[in-house]
Amino acid sequence: MSSEIRIFRGLDELSLGVAERLAESAEAAVKARGRFAVAFSGGSTPREMFRRLAGPDLTERVPWASCELFQVDERAVPPDHKDSNYRMIREELLTQVPAASERVHRMRAEISDLEVAADEYSSEIARVLAPEAGAWPRFDLILLGLGTDGHTASLFPGSAGLNEKKRWVIPNFAPRLGVWRLTLTYPVINAARKVVFLVAGEDKAETVRRVLDPREPAGSLPAQRIALADGQLEWYLDLAAGRHAPGAGVPVDAPPADAV
Ligand code: 6PG
C-alpha cells in the first residue's frame, strides 16, 4: 500500500481538491476498465465536495453514464430523513448530475430487518462488481470521513463490526451513539484500488495525528485499520485538521513560493 497526504488551505480548497481527484479517478477508471465504481461516505464534510463535483468546472469531466455510485454506510432512517446520508448525497450530487438511476445503489437502511438490508446490499455489490469466486469486491475509489473518536464508515470504537472478517456489508451498533447503522466492512474497504479520506476542521486534528502516527498503538482507532492490500491511500486534509500531520508545512494549494 502506498499513501499520500495532501493539505489544503481551507474547506473550499479541500473540497475542490477532492472533487478533482474523484473526477480524474473516474476518467482513468472508465478509460482503463469501462467503469468507475465508487462508494461515498456521508456526514457533513463531503457536502461542499459533492457540490463542486456537480459544479460546471468538473461535472463535464466525469463520465457519469459509466459510474456505479454506492454508499459506504447509512443511518437506520428513511432516505428523506434529515440524518440520511443518501438524502445529502442525493441533494448535493445526484439531483445535479446525469447519473444513470439504475447505477445509483442506495442502502435500504430504513427497513426493519437490517440483516436483510445488509445481505441485499452485498448482493447488489456482487451483481455490479462481480468479483471472482472467493475474492473481495474491488471498488475503484472509496471516500471516507473521520470522526473525532477515530471511527470511519460506520466502524465505531467498541463496535462488533470492527471484528468482521467475512461479510461485505453488516448492520453495526454504535455504542456511544446508541444507534444502528449499515456499513461496508474492513475487508471490502481494504480491497479498494484507492481510498480517499476527506477530513476538515480543528476538532479532527488530534485524531488525524493519532491515526497517522506510527507510534500510536496499532488498532486503537478504527481508522488505523484502513490498510489497503493493493491500493493507494490518500489523505486530503485542510490546514486545521492536518496541522499535526506529517508534512503539514505548506498546503498543496498554496501559490508557489516565488509567486508574486
Ligand atoms: C456517517 C459517515 C461517517 C462520517 C464521519 C465524519 O454516516 O456519518 O459515513 O463515517 O464520515 O462521521 O463525519 P463529518 O464529516 O460529519 O465530520
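Structure: above.
Criteria and cut-off values
Residues numbered from 1 in each chain as written. Predicted model: local features only at pLDDT ≥ 70, side-chain atom pairs only at ≥ 80, totals over all residues. Heavy atoms only, no water. Core = buried A, V, L, I, M, F, W, Y, C linked by side-chain atoms within 4.5 Å. Buried < 20%, exposed > 50% of the residue type's maximum accessible area, 1.4 Å probe, protein only. Helix = DSSP H or I, 4+ residues; strand = E, 2+ residues; numbered from the N terminus. Contact = heavy atoms within 4.5 Å. Arc of directions from axis to C-beta. Pairing = 2+ DSSP bridges. Axes fitted to C-alpha atoms, helices over the stretch in contact; angles between N-to-C directions. Salt bridge = Lys/Arg side-chain N within 4 Å of Asp/Glu carboxyl O. Phe/Tyr/Trp six-rings, centres within 6.5 Å; stacked < 30°, edge-to-face > 60°. Lys NZ or Arg CZ within 6 Å of the ring centre and 35° of its normal.

A. A look at the nonpolar core. Judged by nonpolar contacts, the single largest core of 44 residues is most densely connected at Phe139, Ile142, Leu184 and Val195. Broken down by secondary-structure element, the contributors of at least two residues to this core are β2 (36-40), α4 (114-129), β5 (141-144), β7 (179-184), α5 (186-189), β8 (194-199), α6 (205-212) and β9 (232-238). Once you skip the residues sitting within four places of it in the chain, Phe139 turns out to touch Ala37, Val38, Ala39, Phe70, Ile125, Leu129, Leu184, Val188, Ala192, Arg193 and Lys194. Core analysis: the next-biggest nonpolar cluster, separate from the first, contains 34 residues, Ala23, Phe36, Tyr86 and Tyr236 among them.

B. α6, seen in detail. Among the residues of α6, those classed as buried are Ala205, Thr207, Val208 and Val211. In an axial view of α6, the angular spread of the buried residues amounts to 165 degrees, which keeps them on one side of the axis. The inward-facing, buried residues of α6 contact β8 and β9.

C. Spatial organisation of the pairing of β7. In terms of strand pairing, strand β4 (residues 73-75) meets β7 through 3 bridges, oriented antiparallel. The residue of β7 that forms the bridge with Asp73 is Thr183. The sheet contact formed by strand β6 (residues 169-174) and β7 spans 6 bridges and is antiparallel. Following the sheet pairing, Val169 is matched in β7 by Leu184. Between β6 and β7, which pair antiparallel and follow one another directly, the connecting turn spans 4 residues, one of which, Gly178, has a positive phi of 70 degrees.

D. Spotlight on the side chain of Thr183. Its location among the elements puts Thr183 in strand β7. Dropping the residues within four chain positions of it, Thr183 is found in contact with Val72, Asp73, Met107, Ala153, Ser154, Leu155, Trp168, Val169, Ile170 and Asn172.

E. Up close: the sheet that holds β4. Read from one edge to the other, the open sheet built from 3 strands follows the order β4-β7-β6, with strand pairing classed as antiparallel. In this open sheet, the two strands that pair with only one neighbour each are β4 and β6. Each strand of the sheet is rotated relative to its neighbour by a mean of 25 degrees, with strand direction disregarded. On top of the sheet, α4 reaches β6 and β7; it is set at about 140 degrees to β6, its chief contact.

F. Highlighting the pattern of salt bridges. Evaluated as defined, the whole model comprises 27 salt bridges. Linking Glu234 and Arg21 is a salt bridge whose minimum nitrogen-to-oxygen distance equals 2.6 Å. One end of the pair, Glu234, is in strand β9; the other, Arg21, is in helix α1 (residues 11-33), and 213 residues separate them in sequence. Here Glu234 matches Arg21 in class, with each residue buried.

G. Seen up close, the sheet that holds strand β1 (residues 2-8). Strand order across the open sheet formed by 6 strands is β1-β9-β8-β5-β2-β3, with parallel pairing between neighbours. Among the strands making up the open sheet, the edge pair consists of β1 and β3 (67-71). Going across the sheet, the axis of each strand differs from the next one's by a mean of 15 degrees, ignoring polarity.

H. Quick look at the packing of aromatic side chains. Counted according to the given criterion, the structure contains 6 aromatic pairs. Where Phe70 meets Phe139, the ring centres are 5.2 Å apart and the plane angle is 85 degrees; that geometry is what we call edge-to-face. Taken together, the positions of Phe70 in strand β3 and Phe139 in the loop between α4 and β5 put the pair 69 residues apart, joining distant regions of the chain. As far as the burial class goes, Phe70 and Phe139 line up, both buried. Considering the side-chain rings of Phe197 and Trp235, the 3.9 Å spacing of their centres and the 5 degrees angle between planes classify their relative orientation as stacked. Separated by 38 residues along the polypeptide, Phe197 in strand β8 and Trp235 in strand β9 bring together distant segments of the chain. Both residues of the pair, Phe197 and Trp235, count as buried. Among the aromatic residues, ring-to-ring pairing joins Phe70, Tyr121 and Phe139 into one connected group. Of note, Arg106 hangs over the ring of Tyr86, and the distance from its end group to the ring centre comes to 5.7 Å.

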